[in-house]
Amino acid sequence: SEMCIRDTPPPAMKKNPAIALTLLVSALTSALDLPSGQPSDLSCKYEDHKKDLGTSFDLSPLMEFSKNTLVSDKINFDTGEYQYLFSLCSTVPYNDAKLNSACTAADGSSKVQHNWSPVWQTKNDLSKDDCFYLAHPGEDKATWSLMNPENPAHGVSIQYTDGQSCTGGRRSMTFNFTCVNHAIAGADTFKAVAVDEVSKCRYSIAFESPYACPTQCGFGGGRTPCGDHGICGYDSDAKTSRCFCNDGYTGSGCGDSVQSADDNNYGAVLGLLIFVVIALVAFGAGGYFLFRWLQSRTMNMRGDSYSKLEAAYGDSMVQDNDHNAPSRMGVSTGQDSNI
């Protein structure tokens, strides 16, 4: 007999599309060799609505750069005892290749309770089979908080809790993101970092990134907070995070150029100085011409000039009733006179 090959979906799949979707997901999962049931990604955005601090964060650009990042512990960065595999705001499967089967049982299943976790802890020597999940994959197990409530613009933290059992309770991991005002490539954010065990079974890791600055400090014209023309900080009077722009710049991201007050003052001082110089030159020139004009109006009292005055006015040049007046001086007219 010949085999009949069906070229149309079974009736059950036609009647129930959910079955078809489930089968498709199962097929893709098998093809990728991933465990089923991956939890939804955590929202990488945060805003504290309760305290109304006018500060929000968006770490979404860092999600792709942090995908399946492997780091060591802080005790010895090069040869630390443990290593940690994580994905920001997402989860990593127990059978990820970077875990080198440390979390995989002989039958291929997970050695621990969960197939997925935001953070895995294994021995640096992957020949050893120690495997721990440091956080529950559930979205409700992640808590956001400000790194410094007195300065909300400083940065933000995400704490994952309810990890695998430990002698000190249950394991947890805290990601601390500090806002920096200089450019750091997204991929470089997760380089040369290390995990610190701050107390028994409580771990933390610190990052610096311009993406960890509040969204209120826009990127302006560059890829740095406040466009590299200001500082991102918290305005306690306005109760909001914002850019404190350098002189000559304004706008939410310090991307707009303006004339600074110093430039205006400089222009005013320069204008006054030019006016004073012109006034002094004009005054000096006026004084000089006035002096020349007065000099031209002054009579040269030579002898012949005085003789002309005496001939014209005679004895009236000296009052008769002024007996104390000195006698007229003899003025030479160029002719010999008899004494």
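The rules behind these values
Think of each chain on its own: its residues are numbered from 1, step by step along the sequence as written. Only residues with pLDDT of 70 or above have their local features reported here, since the model is predicted, and side-chain atom pairs are shown and tallied only from 80 upward, although totals for entire chains, interfaces and linings are computed over all residues. No hydrogens and no water enter the side-chain calculation; it runs on all heavy atoms of the structure. DSSP calls a pair of strands paired once it identifies at least 2 bridges connecting them. In this description a helix means any DSSP run of H or I spanning at least four residues, a strand means any run of E spanning at least two, and both kinds are numbered starting from the N terminus. The axes used here are C-alpha line fits, helices contributing only the stretch in contact, and every angle between their N-to-C directions lies in the interval 0 to 180 degrees. With a 1.4 Å probe rolled over the protein chains alone, any residue whose accessible area is under 20% of its type maximum counts as buried; one over 50% counts as exposed, and the rest are partly exposed. pLDDT runs from 0 to 100 and stands for how confident the predictor is about each residue. Note on contacts: a residue pair is in contact if any heavy atoms of the two residues lie within 4.5 Å. The salt bridge definition used is simple: a Lys or Arg side-chain nitrogen within 4 Å of an Asp or Glu carboxyl oxygen. Two aromatic rings, drawn from Phe, Tyr or Trp (for Trp, its six-membered ring), form a pair once their centres lie within 6.5 Å of each other, and the interplanar angle then sorts them: stacked below 30 degrees, edge-to-face above 60, tilted otherwise. We count a charge as sitting over a ring when the NZ of a lysine or the CZ of an arginine lies within 6 Å of the ring centre and within 35 degrees of the ring normal. A cavity, in this analysis, means grid points on a 1 Å lattice covering only the protein atoms where a 1.4 Å probe fits yet has no way out; a pocket is instead an open set bounded by protein on both sides within 12 Å along at least five of seven lines, and a residue lines either one if it has an atom within 4 Å of a point. Grid points are joined across faces, edges and corners, and a volume is the space filled by probe spheres set on the points. When residues are grouped by polarity, Ala, Val, Leu, Ile, Met, Phe, Trp, Tyr, Cys and Pro land in nonpolar, Asp, Glu, Lys and Arg in charged, and all others, Gly among them, in polar. Patch definition: residues with relative accessible area over 30% and no salt bridge; like charges joined within 9 Å; nonpolar side chains (Val, Leu, Ile, Met, Phe, Trp, Tyr) joined within 5 Å. In this description, accessible areas are obtained by the Shrake-Rupley approach with a 1.4 Å probe, and a residue is regarded as covered only by the protein chains that are shown.

Below, the discussion takes up the sheet that holds strand β14 (residues 194-199). Judged by pairing direction, the sheet is mixed, and its nine strands sit side by side in the order β8-β7-β4-β3-β14-β15-β13-β10-β9 without closing on themselves. Two strands bound the open sheet, and with one partner strand each, they are β8 (131-133) and β9 (142-146). The mean inter-strand angle of the sheet, taken between neighbouring strand axes irrespective of direction, is 30 degrees. Looking at chain direction, strand β10 (residues 155-160) and strand β13 (residues 172-179) are connected through six bridges and run antiparallel. Its bridge partner lying in β13, Ile 158 is registered against Phe 175.

For β10, a buried count of five out of six residues is recorded, marking the element as mostly surrounded by other parts of the structure. Relative to β10, β9 runs antiparallel, the two being bridged by five bridges. Within β10, the position partnered with Ala 142 by the bridge is Tyr 160.

With that settled, consider the confidence of the model for the chain. With 70% of its residues at a pLDDT of at least 70, the chain reaches an overall mean of 78. Under a pLDDT of 50 for its full length, residues 1-15 has, in the predicted model, four contacts with residues more than four places off or in other chains.

In this structure, Cys 201 takes a positive phi of about 65 degrees despite not being glycine. Mapped onto the elements, Cys 201 comes out in the loop between β14 and β15 (202-209). Note on Cys 201: relative accessible area 2%, which makes it buried. The residue Cys 226 is not glycine, and still its phi comes out positive at about 60 degrees.

Before going further, it helps to examine the pattern of salt bridges. Considering all chains together, one arrives at four salt bridges under this definition. The partner of Glu 81 in a salt bridge is Lys 123, and the shortest N-O contact between them spans 2.6 Å. Of the two residues, Glu 81 sits in the loop between β3 (69-73) and β4 (82-86) while Lys 123 sits in strand β7 (residues 119-123), which places them 42 residues apart along the sequence. The partly exposed category is assigned to Glu 81, whose relative accessible area is 46%. Of the charged contacts in the structure, one is a salt bridge between Asp 162 and Arg 170, with a shortest N-O distance of 2.8 Å.

This part takes up the packing of aromatic side chains. Each aromatic ring pair is summarised here by two numbers: the centre-to-centre distance and the angle between the ring planes. Under the defined criterion, the tally for this structure stands at nine aromatic pairs. For the ring pair Tyr 84 and Tyr 203, a centre distance of 5.8 Å and an interplane angle of 55 degrees mean the geometry is tilted. One end of the pair, Tyr 84, is in strand β4; the other, Tyr 203, is in strand β15, with 119 residues separating them in the sequence. Here Tyr 84 and Tyr 203 have matching classes, each one buried. Ring pairs connect the aromatic residues Phe 86, Tyr 160, Phe 175, Phe 177, Phe 190 and Phe 207, which therefore count as one cluster. The ring centre of Phe 244 lies 3.9 Å from the NZ or CZ of Arg 242, which sits over that ring.

Turning our eyes to something else, we now look at empty space enclosed by the protein. Applying the stated criterion across every chain yields a total of one cavity of 30 Å³ or more. Volume-wise, the largest cavity comes out at about 90 Å³. Looking at the lining of the largest cavity, its residues break down into six nonpolar, five polar and one charged.

What follows concerns a nonpolar patch on the surface. Residues Leu 270, Leu 273, Ile 274, Val 277, Ile 278 and Val 281 make up a contiguous nonpolar surface patch of roughly 550 Å² in combined accessible area. The residue Leu 273 is located in helix α3 (residues 261-297) in this model.

Here the focus is the environment of Ser 172. Considering the arrangement of structural elements, one finds Ser 172 in strand β13. A residue is classified by how much of its surface remains accessible, and Ser 172, at 7% relative accessible area, is buried. Discounting residues that sit within four places of it in the chain, Ser 172 has contacts with Leu 134, Gln 159, Tyr 160, Thr 161, Cys 201, Arg 202 and Tyr 203.

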